Amino acid sequence: MYEPAHLRTFLAVAQTLSFTQAARRLGLRQSTVSQHVRRLEDAAGRTLFSRDTHSVELTEDGEAMLGFARRILEAHEQAAAFFTGTRLRGRLRFGASEDFVLTRLPEILERFRHDHPEVDLELTVELSGTLHEQLEAGRLDLVLAKRRAGDPRGQLVWHDRLVWIGGERLRLDPGRPVPLIVYPPPGITRALALEALEREGREWRVACTSGSLNGLVAAARAGLGVMAHSRGLIPPGLVRVPDRAGLPELGRVDFVLVHNRRRVSAQGPADALAAAVLAGGVRPERGGRREPV
């Protein structure tokens with residue numbers, strides 16, 4: 001009833017909220033992407049996306065289709081692997097930004113381990129900037145991390161806007177420097193936050209630094225200051241800082257997969273895990289509204 005190719009196209013559009021970006025990811029024409037989505041909607045008898053010239057959003061039926069599409073593709077891939085007799089082996093050095101702990105990544109890694117038991121996974125959780133540096137140095141084979149908007153590296157998984165967040169009872173004094181809760185360098189959100197404040201001429205001070213997301217969240221819940229964070233991944237107990245606080249816009253951040261193609265033995269496992277991430281939808285299930293490309 002549901003063609004795997006149509007389901008893969010649907011997932012690509014759902015993750016990027018852009019027919020253009022989905023076409024680039026899949027190496028298809030945009031008209032083909034539209035055709036695949038239309039045929040899937042015809043097969044389901046439901047509208048999966050609400051779209052106009054400016055935005056693309058999942059409908060409620062589209063949200064429901066996400067889970068079905070992932071399970072159908074998973075079963076399809078397991079059957080193909082079983083009957084072709086291909087088994088991946090080797091060691092895969094995978095780096096992931098700590099942000100992804102709040103997504104479906106643990107579930108995807110568990111499934112990957114089940115499907116490819118002979119692949120030894122070496123997992124590194126670090127700041128996005130550090131992961132990119134380690135990839136360039138040849139110490140990682142695949143990275144799932146943030147990148148700045150406009151950076152051409154990597155394959156887009158999804159994108160979001162950065163917002164200021166803090167504790168529910170936090171009140172900022174407009175006459176005092178903005179108290180910041182930040183990652184240490186080379187954190188991408190840290191750099192974007194400082195650049196935005198400098199651009200607006202706002203004074204700031206670093207109230208707390210931590211290399212751990214849990215540390216940053218604890219400091220924010222305690223009311224030590226504000227932090228820049230993905231709008232779709234706001235941790236429980238924290239809220240967006242209201243516009244009346246006058247903090248500057250932070251812009252957009254992309255979440256990408258980046259390969260290191262120099263270690264040939266890791267390319268098969270890296271490609272398999274990248275495909276699992278893209279098919280599995282490493283993104284917030286019901287986060288904030290993500291911006292169209």
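Summarised in this report is the structure supplied together with it.

Conventions adopted
Starting afresh in each chain, residues are numbered from 1 along the sequence in its written order. Two thresholds apply to this predicted model, a pLDDT of at least 70 for residue-level local features and 80 or more for giving and counting side-chain atom pairs, whereas whole-chain, interface and lining totals are computed over all residues. Side-chain figures throughout are based on the complete set of non-hydrogen atoms in the structure, without hydrogens or water. Lines fitted to the C-alpha atoms define the axes, with helices restricted to the stretch that makes contact. Angles between their N-to-C directions range from 0 to 180 degrees. Think of it this way: any DSSP run of H or I at least four residues long counts as a helix, any run of E at least two long counts as a strand, and we number them from the N terminus. When describing relative orientation, an angle under 35 degrees is termed roughly parallel and one over 145 degrees roughly antiparallel, while 65 to 115 degrees is termed roughly perpendicular and anything else oblique. Here a crossing is taken to be left-handed if its near helix is turned anticlockwise relative to the far helix by less than a right angle, and right-handed if that turn runs clockwise. The contact criterion used throughout is that any non-hydrogen atoms of two residues lie within 4.5 Å. Each residue is assigned to one of three groups, with Ala, Val, Leu, Ile, Met, Phe, Trp, Tyr, Cys and Pro labelled nonpolar, Asp, Glu, Lys and Arg labelled charged, and all others, Gly among them, labelled polar. Definition used for salt bridges: Asp or Glu carboxyl oxygen within 4 Å of a side-chain nitrogen of Lys or Arg. Remark: exposure states derive from per-residue accessible area (1.4 Å probe, protein chains only) relative to the maximum for the residue type, with buried under 20%, exposed over 50%, and partly exposed in between. By this rule the span expected of a helix is its residue count minus one, scaled by 1.5 Å. Take the buried Ala, Val, Leu, Ile, Met, Phe, Trp, Tyr and Cys residues and link them wherever side-chain atoms come within 4.5 Å; each set so joined is a nonpolar core.

**Details of the packing of helix 1 (residues 4–16) against helix 2 (residues 19–26)**
Relative orientation of the contacting elements helix 1 and helix 2 amounts to 130°, with a least axis distance of 8 Å. Classified by the interaxial angle, the pair formed by helix 1 and helix 2 is oblique. Taken as a pair, helix 1 and helix 2 cross one another with a handedness that is right-handed. The residues of helix 2 that touch helix 1, namely those facing Arg 8, Thr 9, Ala 12, Val 13, Gln 15 and Thr 16, are Phe 19, Gln 21, Ala 22, Arg 25 and Leu 26. Residues belonging to the contact of helix 1 with helix 2 are distributed by class as follows: 5 nonpolar, 4 polar and 2 charged.

**A few points about the pattern of salt bridges**
This model, assessed by the stated rule, comprises 12 salt bridges. We note a salt bridge from Arg 111 to Glu 107, for which the minimum N-O separation is 3.0 Å. Of this pair, Arg 111 and Glu 107 both sit in helix 5 (residues 105–115), 4 residues apart, which is roughly one turn of that helix. Residues participating in the shared-partner salt-bridge network are Glu 74, Glu 107 and Arg 111.

**Comments concerning unusual backbone geometry**
Here the residue pair Pro 185 and Pro 186 is connected by a cis peptide bond, since its omega of 5° sits within 30 degrees of zero. Along the chain, the position of Pro 186 falls in the loop between strand 7 (178–182) and helix 7 (188–200). One non-glycine residue, Leu 17, adopts positive backbone phi at about 50°. Checked against the element boundaries, Leu 17 lands in the loop between helix 1 and helix 2. Classification of Leu 17 by relative accessible area gives buried; the value is 2%.

**Let's talk about helix 7**
Under the 1.5 Å per step criterion, the end-to-end length of helix 7 is 19 Å for 13 residues, consistent within 8% with the ideal 18 Å. For helix 7, the set of buried residues is Ile 188, Thr 189, Arg 190, Leu 192, Ala 193, Leu 194, Ala 196 and Leu 197. Buried-residue contacts for helix 7 involve helix 6 (128–136), strand 5 (142–148), strand 6 (155–167), strand 7, strand 8 (204–209) and strand 9 (227–230). Immediately beyond the C-terminal end of helix 7, within one or two residues, lies Gly 201, with a positive phi of roughly 70°.

**Things to note about the nonpolar core**
Counting 40 residues, the largest nonpolar core has Phe 94, Leu 144, Trp 164, Leu 180, Val 226, Leu 257 and Leu 273 as the members making the most contacts within it. If we skip the residues at most four places from it in the chain, Leu 257 touches Leu 142, Val 143, Leu 144, Gly 154, Gln 155, Val 157, Ala 274, Val 277 and Leu 278. Within the second largest apolar cluster, 21 residues are counted, among which are Leu 11, Ala 23, Leu 40 and Leu 58.

**Regarding helix 6**
Along helix 6, 7 of the 9 residues are buried, which leaves the element largely enclosed by surrounding structure. Every buried residue of helix 6 is listed here: Ser 128, Gly 129, Thr 130, Leu 131, His 132, Gln 134 and Leu 135. Phi turns positive, to about 85°, at Gly 138, one or two residues after helix 6.

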